[in-house]
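Understanding the architecture of this molecule
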Amino acid sequence: MQTNQLFSFQRLMLLGKQSFIINKKLIGISLAGFAGVLFMLLLLFLSKSNFSNWGNKEYMITFTFLFFTLGVIYSSLSFPAFRSKEKSITYLLLPATASEKFAFEILTRIVVFLLLMPLLYWVVANLAGAIVNYYVPRFTTYQFSFTQAFSAMADQGMFKGWGKLLFAQGVLFVFIASFAGASHFSKSPLLKTMFTISLIVAGYALFTYLLVKGLNLQAYHPANDRIVFVDSKNDAIAFFAILSTLINLCLLAVAWFCLKEKEA
Amino acid sequence: MIQINDLHFAYPRQQVLFDGLSVKLETGSITGLLGKNGAGKTSLLKLITGLLHSTSGNLSVLGYNPKKREVAMLNDVFLVPEEFYFPPISINDYIRAYSPFYPRFDGEMMDRILIEFKLCAKGYLHKLSHGQKKKFLIAFALATRCRLLVLDEPTNGLDIPSKALFRKILAGSLDENQLVIISTHQVKDVENLIDKIIMLDNGRVIFQQTIAEISQKVSFISETSADVEGAIYTEAVPGGYRLMVPQGDTETAVDIELLFNAITNGKKIG
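Residues numbered from 1 in each chain as written. Chains lettered and ligands numbered in written order. Predicted model: local features only at pLDDT ≥ 70, side-chain atom pairs only at ≥ 80, totals over all residues.

**Overview of the overall build of chain B**
Our working rule: Segments assigned H or I by DSSP are reported as helices when at least four residues long, segments assigned E as strands when at least two residues long, and all are numbered from the N terminus. All radius of gyration figures rest on C-alpha atoms, and the globule criterion is 2.2 Å times the number of residues raised to 0.38. Contact between two residues is assigned when their C-beta atoms, built from the backbone, lie within 7 Å.
When helices and strands are tallied, chain B shows eight helices and twelve strands. The C-alpha atoms of chain B give 20 Å as radius of gyration, which agrees with the globular expectation for 270 residues (18 Å, within 12%). Projecting the C-alpha coordinates of chain B onto the three principal axes gives extents of approximately 60 × 45 × 35 Å. Restricting the contact set of chain B to residue pairs at least 6 apart, pairs at least 24 apart contribute 67%.

And the structure:
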């Protein structure tokens, strides 16, 4: 056993082994259940569209919906030990550093989901499509491809320059916000996180509205050269890409300090 | 091993619990932490293990600041809380999942204690009774061979034979490098086991002495009458009285319950 006080991969592996021993049945049941339900759902959608009007775009819309819905729910279940005092005591006194516990939660709640969910969806979607095509030969657009979907998005200019970072950070924000909420709120973390984010957004919108109305900013039309930055669409994308990166880093910092300073 | 100096602590939006608490504990002893309900026993144990953070003061456990929860400290500290949670896995799986975190974990000792407690390693933890779960956790705690074992109300939920077994196993499983702190209000359960007593009341240490020191100062006797000259404290019991008197010619076993009642009633033994 290493006694590195900051980070040890050996202890991180031990956390993984421990989690696997405790959750192996749950993991197996969840994966099989998800694949089964997804398979049935896709068959239902394919039948609803008469096995003809269902293509890559429809697969992608279904994927996007499931990806974000399940992802938010799953990452809101981060730090499961914090849901009860008894579990918190065991978790906090487990001999691993806060960095290791934090890294383990990020890996299992965000990274693994980001990698595994698209892979599972791709396998199940192609399997469902192939089976339907076998029995219903007129269903010809049965193959689902992420490459094709992302190429279509790239053709629309979504991934130009800072656009890639904005896209990635935008996707990550959904998961990281839910992750940070789970570290902070012990009970009903998802509801409370959504409520908090809604409050912040509503507060910002109200502030902007009052500012524009109060100072009559809608009548203010400065020359472009008087604006310090953000005078084009590209600059705006760059600005929001950097802003979303900073927001995500701040949210991760919040989660980190919640774990480090947690009491039981 | 544990050094607490001028410790201050209060729960948020509540009265101050510890206001200048000082305690020193060395290895090689089993210390009983006694006190009425709400005296601050569990809070003190949580402060010692780093589960709560003090407002101010110095707290050193095995040379570490428990607030930081450093791995080197956590490797050597095990808390058996009053209420606990076990995942729905077998005893064997639990040992496989948790023991690698404790470098001095003794698998043979674990097996031996499981047999003594009549627990089956293939049994599922969530199917055990509360008392059986507690026995398993105590067994695991002892097998970690941590230098500091903190037991919060360890005998709660144990049946009478298990309480005796607990005392026997605990006494036979420790070495001189370990310190055990047992917090309890069931003082009879830890009699003949502890060798130092700390009593808490309203967040203050009102008594702190070893059993040997107590035995040198007072005796505990039974009489039919309470009218005994020099008695420090008297309590009516069925068939007569229990008395705490200054030490005479004969040394008696320390009656911790009587001592506790005497001290909490303001009596002093020097």
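The structure having been displayed, the exposition proceeds.
**So, the interface of chain B and chain A**
Residue-level contacts link 26 residues of chain B with 20 residues of chain A. For the side of chain B that touches chain A, the secondary-structure elements that each account for two or more residues are helix H1 (41-49), helix H2 (71-74) and helix H3 (91-98) of chain B. For the side of chain B that touches chain A, the leading source of residues is H3 of chain B, giving four residues.

**Digging into helix H6 (residues 163-184) of chain A**
Residues and elements named next belong to chain A. Definition in use: To estimate the expected span of a helix, count its residues, drop one, and scale the result by 1.5 Å. By definition, a residue's bend is the angle between the axes fitted to the seven residues ending there and the seven starting there. Whether a residue is buried, exposed or partly exposed is read from the other C-beta atoms within 10 Å of its own C-beta, which are placed from the backbone; 20 or more gives buried, 12 or fewer gives exposed, and intermediate counts give partly exposed.
Helix length check: H6 (22 residues) gives 31 Å between terminal C-alpha atoms against 32 Å at 1.5 Å per residue, within 8%. Of all the bends in H6, the largest measures some 30° and sits at Phe173. Taken residue by residue, H6 has Leu166, Gln169, Phe175, Ile176, Ala177, Ser178, Phe179, Ala180, Gly181, Ala182, Ser183 and His184 as its buried positions. Elements in contact with the buried residues of H6: helix H2 (56-75), helix H4 (98-135), helix H7 (189-214) and helix H8 (233-260).

**Description of the nonpolar core**
Definition in use: Think of a nonpolar core as buried Ala, Val, Leu, Ile, Met, Phe, Trp, Tyr and Cys residues, each tied to the set through C-beta atoms within 7 Å. Each domain's extent is set by a domain assignment, obtained either automatically or from a database.
One finds Ala139 and Val150 of chain B to be the most contacted residues of the largest nonpolar core, which totals 81 residues. In terms of residue count, the dominant contributor to this core is helix H5 (residues 130-144) of chain B (eight residues). Of the domains in this structure, domain 1 (2-202) and domain 2 (211-270) of chain B are the two that each give at least three residues to this core. The residues contacting Ala139 of chain B, other than those within four sequence positions of it, are Met110, Ile113, Leu114 and Phe117 of chain B. Among the nonpolar cores identified, the runner-up in size contains 13 residues, and Phe102, Ile176, Ala180 and Leu259 of chain A belong to it.

**Describing the packing of H2 of chain A against H4 of chain A**
Residues and elements named next belong to chain A. The following threshold applies: The axes used here are C-alpha line fits, helices contributing only the stretch in contact, and every angle between their N-to-C directions lies in the interval 0 to 180 degrees. The handedness criterion is simple: a crossing whose near helix is rotated anticlockwise from the far helix by less than a right angle is left-handed, and one whose near helix is rotated clockwise is right-handed. Residues were grouped as follows: Ala, Val, Leu, Ile, Met, Phe, Trp, Tyr, Cys and Pro as nonpolar; Asp, Glu, Lys and Arg as charged; and all remaining residues, including Gly, as polar.
At a minimum axis distance of 11 Å, the contact between H2 and H4 shows a crossing angle of 150°. Here the hand of the crossing between H2 and H4 comes out right-handed. Between H2 and H4, the contacting residues are Tyr59, Phe63, Leu66, Phe67, Leu70, Gly71, Tyr74 and Ser75 on the first element and Arg109, Ile110, Phe113, Met117, Tyr121 and Ala125 on the second. Here the residues of the contact of H2 with H4 sort into eleven nonpolar, two polar and one charged.

**A short note on the packing of H4 of chain A against H8 of chain A**
All names here are of chain A. Rules: By definition in this entry, angles of less than 35 degrees are roughly parallel, angles greater than 145 are roughly antiparallel, angles of 65 to 115 are roughly perpendicular, and the rest are oblique.
Between H4 and H8, whose axes approach to 10 Å, the crossing angle comes to 130°. By the angle between their directions, the pair H4 and H8 is classed as oblique. Here H4 runs over H8; the crossing is right-handed. Mapping the contact onto sequence places Ala98, Lys101 and Phe102 in H4 and Trp256, Leu259 and Lys260 in H8. Its residues assigned to classes, the contact of H4 with H8 shows four nonpolar, no polar and two charged.

**Remarks on the domain arrangement of chain B**
Residue and element names in this part refer to chain B. Each assigned domain of chain B is listed with its residue range as follows: domain 1 (2-202) and domain 2 (211-270). A straight line from the C-alpha centre of domain 1 to that of domain 2 covers 30 Å. Taken together, the contacts link eleven residues of domain 1 with six residues of domain 2. Per element, the largest residue contribution to the side of domain 1 that touches domain 2 is four residues, and it comes from strand E8 (residues 196-201).

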